[in-house]
Amino acid sequence: MKALQLKNIGELHRKDMPVPEPADGEILLRVTRCAVCRTDAKMWKQGQRDLRLPRILGHEICAVSPESGERFAVWPGTSCGHCVFCKKGAENLCREMKILGFHLDGGFAEYVCAPRKSLIPVPDELPGELICLAEPLACTLNALEQCGLQKNQRVLIFGAGPLGLMTGMSVRYFGGFPCIREINPARVEQTAQFRKQMDTALHEGEEDADIVINAAPSSDIFTQGIPLLRPGGFFCLFSGFTDDKMIPAALLNQIHYRQLSVCGAYGCTKKQMETALHILRAYQKDASLLIEKQISLGEVQEILPQILKGQVMKCIIKN
Ligand SMILES: [Zn+2]
Ligand SMILES: [Zn+2]
């Protein structure tokens, strides 16, 4: 099969590889669409904590069973199923977690093996490229869950990339008010239609918020976001910081005086992916605005630097 393998950091190769053999409990699937995520670009550029090389990347997968023809969104995790985290429905925290496209070969290929229990059947009317959005959208649901989002709360999102906009979509779905801060004027313009349709305001002033989420990797967002939180508010560290700045004690003390909470969010659960599919059905037209283009496996390499620079929205590999 044709595949795209990250051999070392910065070394992505198009290869002919054997079709993988499913292990116990797994099923072989034909990948029909796989989205390229910012994390894929980050892994190519600098690596990632959970990345094991060499690796076929790709964790935002829509695939079909060659036997039954059934189509699935693939929850990319494989968890142990019996630890305290798995039992309480927070399987993304499982210490045995293995993720497709990180620890295990993923969707930048014609075929992928996935555990049967990770498959979510999808409705016919949802196109494959939107099904690929279920995983990142579910990660935004996970972030909002950590912050205990309630109806009518205002959520300030830093970064109007695909993940920032999807966070806005989830906030809307649950009756909150999203607003987005974006420093790149090209991206502000590029996302105007989506923000209009999703009734998502641009945050340009000093309005406060109940929840602040970073959908961009600069730690300056922490410095800017904490003072904007209402008392008792939540800051969610959603995108990992890529710089190494010291946080001043005066800023941390705001967490103390105003009883703020800082939480993290990483990955998603299968249940959150099921909810994400409902949201994608509800906002199908709006969600399709997040897709920049569909590309071939051979075009992935050239798109990665553009993703890192925030020049493109979602790019989807079409097999
Ligand atoms: Zn992703
Ligand atoms: Zn577990």
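Note that the coordinates shown come from a computational prediction; the quantities given were computed from them, not determined experimentally.

(A) Representation of the coordination of the zinc ion (ligand 1). Here the zinc ion (ligand 1) is held by the protein donor atoms Cys37 (SG), His59 (NE2) and Glu60 (OE), which lie 2.1 to 2.3 Å from it. We note that the donor set of the zinc ion (ligand 1) lies within a single chain, spaced as C-x21-H-E. Taken together, the residues cysteine 37 in the loop between β3 (26-36) and α1 (38-46) and glutamate 60 in strand β5 (residues 60-64) connect sequence positions 23 residues apart. For cysteine 37, a relative accessible area of 9% corresponds to the buried category.

(B) Region of the structure containing the coordination of the zinc ion (ligand 2). Summarising the metal site, the zinc ion (ligand 2) is bound by the protein donors Cys80 (SG), Cys83 (SG), Cys86 (SG) and Cys94 (SG), whose distances to it range over 2.3 to 2.4 Å. Taken together, the 4 donor atoms surrounding the zinc ion (ligand 2) define angles of 106 to 116° at the centre, an arrangement classified as tetrahedral. Mapping the donors of the zinc ion (ligand 2) onto the primary sequence gives the spacing C-x2-C-x2-C-x7-C. Residue cysteine 83 is found in the loop between β7 (77-78) and α2 (84-87), and its partner cysteine 94 is found in the loop between α2 and β8 (98-99); the two are separated by 11 residues along the sequence. Overall, cysteine 83 belongs to the buried group, its relative accessible area being 19%.

(C) Region of interest: the sheet that holds strand β16 (residues 261-264). Judged by pairing direction, the sheet is parallel, and its 6 strands sit side by side in the order β13-β12-β11-β14-β15-β16 without closing on themselves. Strands with a single pairing partner mark the edges of an open sheet, and in this sheet they are β13 (201-202) and β16. Here strand β15 (residues 229-237) pairs with β16 via 4 bridges, running parallel. When the sheet's bridge partners are listed, cysteine 236 is paired in β16 with cysteine 263.

(D) The arrangement of the domain arrangement of the chain in detail. Under the domain assignment, the chain is made up of domain 1 (2-133 + 290-318) and domain 2 (138-264). A straight line from the C-alpha centre of domain 1 to that of domain 2 covers 26 Å. On the side of domain 2, 13 residues touch domain 1, which itself brings 11 residues to the contact. When domain 1 packs against domain 2, close to 890 Å² is buried across both sides, 60% of that on carbon and sulfur atoms. Interface area lost by domain 1 to domain 2 is led by Leu290, Gly310 and Met313, which between them contribute 53%. For the interface between domain 1 and domain 2, the tally reads 0 salt bridges. One can count 1 residue pair in polar contact (both at pLDDT 80 or more) joining domain 1 with domain 2. When the residues that make up the side of domain 1 that touches domain 2 are grouped by side-chain class, the tally is 4 nonpolar, 4 polar and 3 charged.

(E) Highlighting the environment of lysine 245. By secondary structure assignment, the location of lysine 245 is in the loop between β15 and α9 (249-257). By relative accessible area, lysine 245 is classed as partly exposed at 48%. What lysine 245 contacts, discounting residues up to four positions off in sequence, is Ser219 and Asp220. At 2.8 Å, the side chain of lysine 245 forms a polar contact with the side chain of aspartate 220.

Reading the values: rules and limits
- Each chain carries its own residue numbering, running from 1 in the written order of its sequence.
- Starting at A for chains and at 1 for ligands, labels are handed out in the order in which the entities are written.
- Local features in this predicted model are restricted to residues of pLDDT 70 or higher, and side-chain atom pairs are both shown and tallied only at a pLDDT of 80 or more, whereas totals for entire chains, interfaces and linings draw on every residue.
- Note: side-chain values were computed over all heavy atoms of the structure, leaving out hydrogens and water.
- Each metal site is built from N, O and S donor atoms within 2.8 Å (3.2 Å for Na, K and Ca), and since water is not included, such sites may look incomplete.
- Put simply, DSSP marks the helices as runs of H or I at least four residues long and the strands as runs of E at least two long, and each gets a number from the N terminus on.
- Relative accessibility decides the category of a residue: with a 1.4 Å probe and only protein chains considered, values under 20% of the type maximum give buried, values over 50% give exposed, and everything between is partly exposed.
- Sites are called tetrahedral only when four donors show all angles between 85 and 135 degrees, square planar or octahedral only when four or six donors show opposite pairs over 155 degrees and all other angles between 65 and 115, and irregular in any remaining case.
- Whether two strands pair comes down to DSSP finding at least two bridges between them.
- Each domain's limits were defined by an automated method or a database of domain assignments.
- Contacts are assigned to residue pairs that have any heavy atoms within 4.5 Å of one another.
- Using a 1.4 Å probe, buried area is obtained as the accessible area two parts lose upon being combined, added over both of them.
- For salt bridges, the criterion is a side-chain nitrogen of Lys or Arg within 4 Å of an Asp or Glu carboxyl oxygen.
- Pairing of N or O atoms within 3.5 Å defines a polar contact, subject to two protein rules: one partner must be a possible hydrogen donor and the other a possible acceptor, and residues neighboring in sequence count only if both atoms are side-chain atoms.
- Residues are sorted three ways: Asp, Glu, Lys and Arg are charged, Ala, Val, Leu, Ile, Met, Phe, Trp, Tyr, Cys and Pro are nonpolar, and all the rest, Gly among them, are polar.

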